[in-house]
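Single-letter residue listing:
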Amino acid sequence: MPATDRSAHPTLGTSRSGPATPHRAFSRRLLAAHLTPNCLSERGRKAVTLTRAGHFHDPRYGDFEISLQALHEMVRNFEARTYGQDIFIDVAHRPEDGAAGQIHRLWVEGDRLLAQVEWTPYGQQAIRERSYRYLSAEYIDNWIDNEQRQPHGAVLFGAALTIRPAIKRLDPIQLSEPTGLHTALAARFTQEAQATMKKHLDALRKRLAELKLDAKAIDQLAKVFEDTTKTLGEDETALQALVDALVENGKTLVETLGDRPVTIQLTLPPPAPAPAPANPATPPPPKALSEDDIKRILAEEQQRQTQAAQASAKTLADLKSKFRARIENAEGLKQLSDADRAKLLAAESLIFSGMSEEQVLALADNQISIGDQMAVHQQLRALGWQGHMAGSTHIQLGADHAPRRLQEAIDKRLHESLPYSNHRLRLTEEAKLSPSVRRVLALFDERHGAQLDAEARILADGGATSVSNMNVPAGFQRTVIRESLSDLAILDLVQMMTDPIAQATTQIPYETRLPGTIVNDGVVYEGAGIPRASIQQSMDTAYINAMKLSLRVSNEAMHFSAASLIDWDAYGRNVESNSRLMRELVCRRIANELQRSADAYAATAVTGESLTTLLDGSESLIKTVHFPLVRPFQARDLKGVTIGSAQNPIAISINGAAISQWDGSGTQSAGTYWKVENYNLGYIRLVDEAGDPVTPTYTSGTTTIGYSYATNVAKYDLKLPASTALETHLNGALRVVGARKAMLSASRFIMADFMLMSPVANDTLTNAAQFAAEAMRAGSNLTGSGDLATIKGVASYGTNAPDIDLGDERLIMGQRGTLAYVIAKPFMTGIPQEAVNSNGLLTGERIAYGEEYNAIHVPDPIRNRLTSIILYDSDARTAAA
């Protein structure tokens, strides 16, 4: 998990407000009335909720997660005093005003982090008299100490009393308990009561579902059950009787109403009290718990927790011991220096007691794999190959090294080819390439150095130029990589890196601004506290995926098949076509991820939007009420296994049946599917398994759509108002661009330095009256060919990759370098295979596929550095069919 310091942002604190879990009546538990009303432990210490696990969103910083693992790490580091000092609570994130309380103990209960707090008079006054009711935890996801510079995982270093926390549904602070129930005992009783109620509620839902009852009716009957159980407590007999009565009501509904929807208004009277005992042998009613009983139960609970903590500590020590032994016994790592081995062993801080031995050993094996790569790099450096583990790999073998000699020989031949003379090849010199493209080529050279050297010898000046086999030469593929990346302008907008040691994941660095609280314009008097303002450097995890492309070419057109001599015209044509395909793939993925990340920031979810009036048997196009749509995203590993939950999913049900997304594979079974036609305008088409439109009719059952729409966007209607010239109306679109730029600067402290749009959108905006020579404004101008150069000082970029989400309606604006494009393995084509037709006969063609291992990712906390503008015609959207 990337390190994140939330201490400077009170609204990102982890406080949770809202009603606590309701106490239910307990039929078999009575408590002594003479317990102390406040239930405070010694010296006024009080148990409070600091935070809870979950996925959260803040309008300024985007989505973030607090995991259960992080909560347990906070407890572990608190007990180990990792932070090196006592942990205090302040008021409103102002520690300079003094301590409101001291945290003496931490523990995890369910999904919440609880603390035992000793409140100071200052803190009690803030709670009683100033209505501070919630807490905002201050922590770092992966704290690095300032002595050994070692990571320790999640560390709590404080908390603050607050009035309006960003994270809701936490228990409010109470200095006195409304009942005499001790918190630990109450928690146990409440948990048991809820488990009993849930068991019967699940049984009720199952039995109602077997009756084929409408889902809405099942929910209403379940609500009646939940409301009634508040008076029944844990009385198993009464609960079962209630379930039976509600099932009978369900049967009546099925018999009388059939499939018609129904609204249930049902109130069941509480069960009659149990009759008095018939004879002395009947067991007497339960007695009240005495104070000794309470002390005994609490002592047993404390002993249980202590034993559990000791067992957890022993388990953790055993797991760490096995982790270290696995790495220390690895033969391939013994040649590493002590410093390098210490880096690998530092990963033991990621181990927690809940991990299995298999997981720990898998982590050790991953570190061993990284160590092997480090050892290989050391050997390469000893041979003259200079590599940097952070990804800035380069080769330094003098002016006559093989990749350079080979590339110069290829370029010399291609300069004489028809594709170059027709300006279809750029053949950019190595020295004029961007540093990021040179790093990618260096990584390719490092992986294929021997093959490049052999080809350089074959392609020596003055000799015959031939290739004796049908493999795709490494020099050809290097030329394709250089040609595709050198002509990819969108790379100017991204942070392009290489990570040759990446396995399944890579780490994306990013920075966030921590302004702190600046008072008195930064003027600090002698002895006063100095405000904090800094830049927080963090890392975000991205998953590596393989981008693959299969190519089919005829033997006659292969660049190495012209009478055993290289046909440089054919060579050039293949370079141009392959580089164009690769360029389009990369461009499309980058542009789509920029748009998805911008839309996902502060997105709003919609559930249950009705489609019943739309599906009349003549329509196949769904137009969502809100637009633009946010593209769904599901993280997957290299095997395609899903990781975590889907983000911004689209869910459509027709006549009670959920339908799936059309994938275009041609292997889906017959049925109805959906596909997004236009994310910008909210168009979704209903199609069959072949992708052809279908027009279903609503009959009965749930017919709805769920989706997320973007709010981080401005819309401008191109519909021409009456008596308004088009050129004048388009000036309004330029004003919207200026407004979004101002918003980024004023509200998010982001200086926009790029805009991305299609050539059509570019051409549309150039018609604005503002671009007329006599009306030209400073900061907005055109290129010599009439295309947009800048608007409000923001540089304009165009893209024309096919099937791109950007379409002709979208302008994306933001800060360069927000998206990271990390290449773990450069594009490489494998050995071509003979192609056959459906009858298994050879076709005289060959099929080869290439693959590039990369990650294209925007860290969630910096999605707010992007925004967008939609240019659309409202009349055209209404008329779309």
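Residues numbered from 1 in each chain as written. Predicted model: local features only at pLDDT ≥ 70, side-chain atom pairs only at ≥ 80, totals over all residues. Heavy atoms only, no water.

Asks: Could you give an account of the overall build of the protein, with specific residues and numbers?
Replies: Of the regular secondary structure elements, the protein holds 17 helices and 29 strands. Relative to its full complement of 881 residues, the protein shows a buried share of 45%. Sequence-distant contacts in the protein: of pairs separated by 6 or more residues, those separated by 24 or more amount to 75%. If you sum the accessible surface of the protein, you get close to 43,800 Å²; carbon and sulfur atoms cover 51% of it. (Helix = DSSP H or I, 4+ residues; strand = E, 2+ residues; numbered from the N terminus. Buried < 20%, exposed > 50% of the residue type's maximum accessible area, 1.4 Å probe, protein only. Contact = heavy atoms within 4.5 Å. Areas by Shrake-Rupley, 256 points an atom, 1.4 Å probe, with all protein chains shown as cover.)

Asks: I'd like a description of the packing of aromatic side chains, backed by residues and values.
Replies: For the coordinates displayed, the defined rule picks out three aromatic pairs. Ring centres of Tyr 83 and Trp 143 lie 5.3 Å apart, and the angle between their planes is 65°; on these two criteria the pair is classed as edge-to-face. Of this pair, Tyr 83 sits in the loop between α1 (68-79) and β4 (87-91) while Trp 143 is found in the loop between β7 (134-140) and β8 (155-162), placing the two residues 60 residues apart along the sequence. Using a relative accessible area of 28% as the deciding quantity, one classes Tyr 83 as partly exposed. Geometrically, the ring pair formed by Phe 627 and Tyr 872 is edge-to-face, given 5.3 Å between the ring centres and 75° between the ring planes. One end of the pair, Phe 627, is in the loop between β14 (621-623) and β15 (651-654); the other, Tyr 872, is in strand β29 (residues 866-872), with 245 residues separating them in the sequence. Of the two residues, Phe 627 and Tyr 872, neither departs from the other in class, the shared state being buried. A cation over a ring is seen here: Arg 105 above Trp 107, with NZ or CZ 4.1 Å from the ring centre. When the ring centre of Phe 627 is taken as origin, the NZ or CZ atom of Lys 715, which lies over that ring, is 3.8 Å away. (Phe/Tyr/Trp six-rings, centres within 6.5 Å; stacked < 30°, edge-to-face > 60°. Lys NZ or Arg CZ within 6 Å of the ring centre and 35° of its normal.)

Asks: A description of the confidence of the model for the protein should follow, citing residues and the corresponding values.
Replies: Per-residue confidence for the protein gives a mean pLDDT of 77; residues scoring 70 or more make up 76%. Across residues 1-44 the pLDDT falls below 50, and counting only partners more than four positions away or on other chains, this stretch makes 152 contacts in the model. Contacts of residues 461-470 to residues separated by more than four positions or lying in other chains number 20 contacts, the stretch itself having pLDDT below 50. (pLDDT = per-residue confidence, 0-100.)

Asks: Please give an account of the packing of helix α11 (residues 435-447) against helix α13 (residues 474-486) that cites residues and values.
Replies: Between α11 and α13, the shortest axis-to-axis distance is 10 Å and the interhelical angle comes to 165°. The angle between α11 and α13 places the two elements in the roughly antiparallel class. In terms of crossing hand, the pair formed by α11 and α13 is right-handed. Here Val 437, Val 440, Leu 441, Phe 444 and Asp 445 of α11 lie close against α13, whose contacting residues are Ala 474, Gln 477, Arg 478, Ile 481, Arg 482 and Leu 485. For the contact of α11 with α13, the residue count by class is seven nonpolar, one polar and three charged. (Axes fitted to C-alpha atoms, helices over the stretch in contact; angles between N-to-C directions. Parallel < 35°, antiparallel > 145°, perpendicular 65-115°, else oblique. Left-handed = near helix turned anticlockwise from the far one by under 90°. Nonpolar A, V, L, I, M, F, W, Y, C, P; charged D, E, K, R; others polar.)

Asks: Describe the sheet that holds strand β13 (residues 604-610), listing the residues and the values that go with them.
Replies: One open sheet holds the four strands; their spatial order is β13-β19-β15-β16, and the pairing between them is antiparallel. For this open sheet the edge positions go to β13 and β16 (657-659), each flanked by a neighbour on one side alone. For this sheet, the mean inter-axis angle between neighbouring strands, taken without regard to orientation, is 25°. Across five bridges, the pairing between β13 and strand β19 (residues 704-709) is antiparallel. Bridge assignment links Thr 604 to a residue of β19, and that residue is Tyr 709. (Pairing = 2+ DSSP bridges.)

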